[in-house]
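In case you want the letters, here they are:
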Amino acid sequence: DQQVKQNSPSLSVQEGRISILNCDYTNSMFDYFLWYKKYPAEGPTFLISISSIKDKNEDGRFTVFLNKSAKHLSLHIVPSQPGDSAVYFCAASPLNFGNEKLTFGTGTRLTIIP
Amino acid sequence: DTAVSQTPKYLVTQMGNDKSIKCEQNLGHDTMYWYKQDSKKFLKIMFSYNNKELIINETVPNRFSPKSPDKAHLNLHINSLELGDSAVYFCASSRRPETYEQYFGPGTRLTVT
């Protein structure tokens, strides 16, 4: 039973345009959401996060939107750059201490076309 | 100055052997984790330690035994390796309860033949 889903396994975007990566979750106990970026043969790198009390969080070119009623979040990257080509994982966690394990989606491979 | 490091990066071994993977973090974090990424690229939590105490233990076979000698280290020992143990194993750390962000090591690719 996959509690965090990324339904698009891959996405190609022209350099300079906006990349939008989507993530859906089913567990209503999730209160904290994170996006990670992963290059081949490396570990996931933390990008940006959002708590359920917010609906938007921005950090430079990266913005995460959370729609709690729809159990949906998205990552916007604008403008997209060639170095953004990687696999992006959405992750979610409950907020209660001692159970803050991350549940990951299966990832979306983003390719930025120069 | 690597934040979370793992050794070895690659490990090839035969079925039935016992092997260990080591993890060290120099971030001053008090919580460490082991994740497994299977052939379908699905990352799943295995264990979590906080201040050397086991706090999360997912349904992992008893052949897997984590050990945390101190807050900066979390090792994973695997007995009687099976073909299905082939995967990439990631160590991570975080500073709870201040933050939920976890920082990952580069991974150890384990191949069991």
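Thresholds applied
Residues numbered from 1 in each chain as written. Chains lettered and ligands numbered in written order. Predicted model: local features only at pLDDT ≥ 70, side-chain atom pairs only at ≥ 80, totals over all residues. Heavy atoms only, no water. Pairing = 2+ DSSP bridges. Helix = DSSP H or I, 4+ residues; strand = E, 2+ residues; numbered from the N terminus. Buried < 20%, exposed > 50% of the residue type's maximum accessible area, 1.4 Å probe, protein only. Disulfide = S-S within 2.5 Å. Axes fitted to C-alpha atoms, helices over the stretch in contact; angles between N-to-C directions. Polar contact = N/O pair within 3.5 Å; in protein donor to acceptor, adjacent residues only side chain to side chain.

**Observations concerning the sheet that holds strand β7 (residues 62–67) of chain A**
Two modes of strand pairing occur in sheets, parallel and antiparallel, and in both the strands are linked by backbone hydrogen bonds. All names here are of chain A. Across the sheet, which stays open at both edges, the five strands sit in the order β1-β3-β8-β7-β6 with antiparallel pairing between neighbours. Looking along the sheet, the strands with just one partner apiece sit at the ends: β1 (4–5) and β6 (56–59). Relative to β7, β6 runs antiparallel, the two being bridged by four bridges. Residue pairing across strands places E58 opposite T63, the latter belonging to β7.

**Structural notes on the environment of E53 of chain B**
Residues and elements named next belong to chain B. Within the secondary structure, E53 is located in strand β6 (residues 53–57). With a relative accessible area of 54%, E53 lands in the exposed category. Between the alpha carbons of E53 and N26 there is a distance of 18 Å; along the sequence they are 27 residues apart.

**Some details on the state of the cysteines**
Counted by the stated rule, this structure contains two disulfides over all chains. The partner cysteine of C23 of chain A in its disulfide is C90 of chain A, sulfur to sulfur 2.0 Å. On the sign convention where negative is left-handed, the bridge of C23 of chain A and C90 of chain A, at about -70 degrees about the S-S bond, is left-handed. Here C23 of chain A is found in strand β3 (residues 19–25), whereas its partner C90 of chain A is found in strand β9 (residues 86–93), with 67 residues between them in sequence. Judged by its relative accessible area of 0%, C23 of chain A falls in the buried class. Accessibility expressed as a relative area gives 1% for C90 of chain A, which makes it buried. Between C23 of chain B and C91 of chain B runs a disulfide, and the two sulfur atoms are separated by 1.8 Å. Between C23 of chain B and C91 of chain B the disulfide shows an S-S torsion of about -75 degrees. By sign, it is left-handed. Within this pair, whereas C23 of chain B is found in strand β3 (residues 19–25), its partner C91 of chain B is found in strand β9 (residues 87–94), the two being separated by 68 residues in sequence. One exposure class covers both C23 of chain B and C91 of chain B, and it is buried.

**Section: the pairing of β3 of chain B**
Note that strand β1 (residues 4–7) of chain B and β3 of chain B share four bridges and pair antiparallel. Directly across from V4 of chain B, in β3 of chain B, lies its bridge partner Q25 of chain B.

**Observations regarding the sheet that holds β1 of chain B**
Residue and element names in this part refer to chain B. Read across the open sheet, the four strands follow the order β1-β3-β8-β7; overall the sheet is antiparallel. Only two strands of the sheet have a single neighbouring strand rather than two, namely β1 and β7 (64–70). With strand direction ignored, the average angle separating the axes of adjacent strands in the sheet is 20 degrees. Inspection of the sheet shows β7 paired to strand β8 (residues 73–78) by five bridges, in the antiparallel sense. By the bridge assignment, S65 is partnered in β8 with H77.

**Quick look at the side chain of N50 of chain B**
All names here are of chain B. Here N50 lies in strand β5 (residues 43–50). According to the relative accessible area criterion, N50 is buried, its value standing at 12%. A polar atom in the side chain of N50 sits 2.7 Å from the side chain of T31.

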